Amino acid sequence: MNNWVGMTEEQAGIVQKARKRVIESIGKNMDLYGVTLSTGHLYGMMFFEDKPMTLDEMGEEMGMSKTSMSTGVRTLTDLKMVHKVWEKGTRKDLYEVEPDWYQTFADFFVIKWQKSIEMNVQALRKSAAELKRLVENDPDNEALQNIVATDTRKLEEAIRYYLWLGRLIDTFESGEIFKLVPKEEPQADSH
């Protein structure tokens, strides 16, 4: 990140300012991923690195402890935004940013929404089963039957939504989403 050979001080300053702006923006937007500002800044800093980094290098660059770097990297690794790489002759763990932001988003979407679907469908089905037992035990209670019928329709609609969301997640996992919504292609250099 500090390889400024061949640039004037002014040019290096402009590059650093541009990078800092992007790193700040990434840090601020990482709350969408449930990531702290400092971990977002770590991701932004790693984004501009041209080589894998150790926790020590990250800590030095960020001015933070190795423990903080470890926590941040673990979070980013769990979200599949950063991955560990192997390099011959290096004994320390090395990490680099997943370069494909489309895949990063797809992985994040899958990780977060699968948990949500499982939790919500379980709650909906449990509630539907309880309501079914309730009306079976009092079949002549018209008020109860009406309320449970209305609630059951709502629960069934919610379950259909989560099943649809599961199919949407499948398109992210299989890569089909990129056929439906193609990735932006890189622009040809105009130089």
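Residue positions are given per chain, counted from 1 along the sequence in the order it is written. Two thresholds apply to this predicted model, a pLDDT of at least 70 for residue-level local features and 80 or more for giving and counting side-chain atom pairs, whereas whole-chain, interface and lining totals are computed over all residues. By convention in this description, side-chain values take in all heavy atoms of the structure and omit both hydrogens and water.

Going by what an unreviewed UniProt entry lists, the protein is known as HTH-type transcriptional regulator and is assigned to Paenibacillus tyrfis. The UniProt entry for the protein carries the following comment under Sequence similarities (unreviewed entry): "Belongs to the GbsR family." UniProt positions are given in the numbering used here, feature names are shortened, and annotations may be inferred rather than shown by experiment.

Chemist: Let's hear about the packing of aromatic side chains: which residues, and what values?
Modeler: In this description, a pair of aromatic rings is defined by centroid distance and the angle of the planes. Centre distance within 6.5 Å is the pairing criterion for rings of Phe, Tyr and Trp, where only the six-membered ring of Trp is used; planes under 30 degrees apart are then read as stacked, over 60 as edge-to-face, and the remainder as tilted. Within this structure, the stated rule accounts for 10 aromatic pairs. Ring geometry for Phe 47 and Phe 48: centres 5.0 Å apart, planes at 70 degrees, overall edge-to-face. The buried label goes to any residue with under 20% of its type's maximum accessible area, the exposed label to any with over 50%, and the partly exposed label to all in between, with areas taken from a 1.4 Å probe on protein chains only. Overall, Phe 47 belongs to the partly exposed group, its relative accessible area being 33%. Accessibility expressed as a relative area gives 17% for Phe 48, which makes it buried. With a centroid separation of 6.2 Å and an interplanar angle of 90 degrees, the aromatic rings of Tyr 102 and Phe 178 are classed as edge-to-face. One end of the pair, Tyr 102, is in helix H5 (residues 101-137); the other, Phe 178, is in helix H7 (residues 177-180), with 76 residues separating them in the sequence. Tyr 102 gets classed as partly exposed once you look at its relative accessible area, which sits at 35%. Among the aromatic residues, those joined into a ring-pair cluster are Tyr 43, Phe 47, Phe 48 and Trp 101. Two limits define a charge over a ring: the Lys NZ or Arg CZ must be within 6 Å of the ring centre, and within 35 degrees of the ring normal. Over the ring of Phe 178 we find Lys 183, and its NZ or CZ is 4.6 Å from the ring centre. Helix and strand labels come from DSSP, where a helix needs a run of H or I of at least four residues and a strand needs a run of E of at least two; each type is numbered from the N terminus.

Chemist: I'd love a proper account of the layout of surface pockets, names of residues and values included.
Modeler: Roughly 200 Å³ of volume is contained in the second largest pocket. Detection works on a 1 Å grid of protein atoms alone, calling trapped sets that fit a 1.4 Å probe cavities and calling open sets with protein on both sides within 12 Å along at least five of seven lines pockets, with lining residues defined by an atom within 4 Å of a point. Lining the second largest pocket are Ser 25, Ile 26, Asn 29, Met 30, Leu 32, Tyr 33, Tyr 43, Met 81, Trp 101, Thr 104 and Phe 105. Elements with a minimum of two residues in the lining of the second largest pocket: helix H1 (9-29) and H5. For the lining of the second largest pocket, the class distribution of residues is eight nonpolar, three polar and no charged. Grid points are joined across faces, edges and corners, and a volume is the space filled by probe spheres set on the points. By the convention adopted, Pro, Cys, Tyr, Trp, Phe, Met, Ile, Leu, Val and Ala count as nonpolar, Lys, Arg, Asp and Glu as charged, and the other residues, Gly among them, as polar.

Chemist: Mind laying out the packing of helix H2 (residues 37-47) against helix H4 (residues 66-78), listing which residues take part and the relevant values?
Modeler: Every axis in this analysis is a line fitted to C-alpha atoms, fitted for helices over the stretch in contact. Angles between the N-to-C directions lie between 0 and 180 degrees. Relative orientation of the contacting elements H2 and H4 amounts to 75 degrees, with a least axis distance of 9 Å. Taken as axis vectors, H2 and H4 run roughly perpendicular relative to one another. Across the interface between the two elements, Thr 39, Leu 42 and Tyr 43 of H2 pack against Met 69, Gly 72, Val 73, Thr 75 and Leu 76 of H4. Split into classes, the residues belonging to the contact of H2 with H4 amount to five nonpolar, three polar and no charged. Working rule for angles: under 35 degrees goes down as roughly parallel, over 145 as roughly antiparallel, 65 to 115 as roughly perpendicular, anything else as oblique. A contact between two residues is defined here by any heavy atoms of the two lying within 4.5 Å.

Chemist: Could you give me a rundown of the packing of helix H3 (residues 55-62) against H4, with the residues and numbers involved?
Modeler: Contact geometry of H3 with H4 gives a least axis separation of 8 Å together with a crossing angle of 110 degrees. Classified by the angle between their axes, H3 and H4 sit roughly perpendicular to one another. Between H3 and H4, the residues in contact are Leu 55, Asp 56, Met 58, Gly 59 and Met 62 and Lys 66, Met 69, Ser 70 and Val 73, respectively. Its residues assigned to classes, the contact of H3 with H4 comprises five nonpolar, two polar and two charged.

Chemist: Can you lay out the domain arrangement of the protein for me, pointing to particular residues and giving the numbers?
Modeler: These domain limits were set by an automatic method or by a database of domain assignments. Parsing the protein into structural domains produces domain 1 (9-98) and domain 2 (102-180). Each of domain 1 and domain 2 has a C-alpha centre, and these two points are 37 Å apart. Each partner contributes to the interface: domain 1 provides seven residues, whereas domain 2 provides six residues. In short, buried area is how much 1.4 Å probe accessible area vanishes from two parts on joining, totalled over both. Both sides together, the interface formed by domain 1 and domain 2 hides about 640 Å², and carbon and sulfur atoms give 68% of it. Counting the surface domain 1 buries against domain 2, the share from its top three residues, Tyr 33, Leu 79 and Lys 80, is 68%. Take a side-chain nitrogen of Lys or Arg and a carboxyl oxygen of Asp or Glu: if they are within 4 Å of each other, that pair is a salt bridge. One can count zero salt bridges joining domain 1 with domain 2.

Chemist: Please give an account of helix H6 (residues 142-174) that cites residues and values.
Modeler: Here the expected span of a helix is defined as 1.5 Å times the quantity of residues minus one. Taking 1.5 Å per residue as the helical rise, H6 with its 33 residues ought to reach 48 Å, and the 48 Å between its terminal C-alpha atoms agrees with that figure. For H6, every residue scored as buried is listed here: Leu 144, Val 148, Leu 155, Ile 159, Tyr 162, Leu 165, Ile 169, Thr 171 and Phe 172. Elements in contact with the buried residues of H6: H5 and H7. Counting of polar contacts relies on pairs of N or O atoms within 3.5 Å, with two restrictions inside protein: one atom must be capable of donating a hydrogen and the other of accepting it, and residues adjacent in sequence are counted only when both atoms are side-chain atoms. The opening residue of H6 is Asn 141, an N-cap whose side-chain oxygen sits 3.3 Å from the backbone nitrogen of Ala 143. Positioned one or two residues after H6, Gly 175 has a phi angle of 90 degrees, which is positive.

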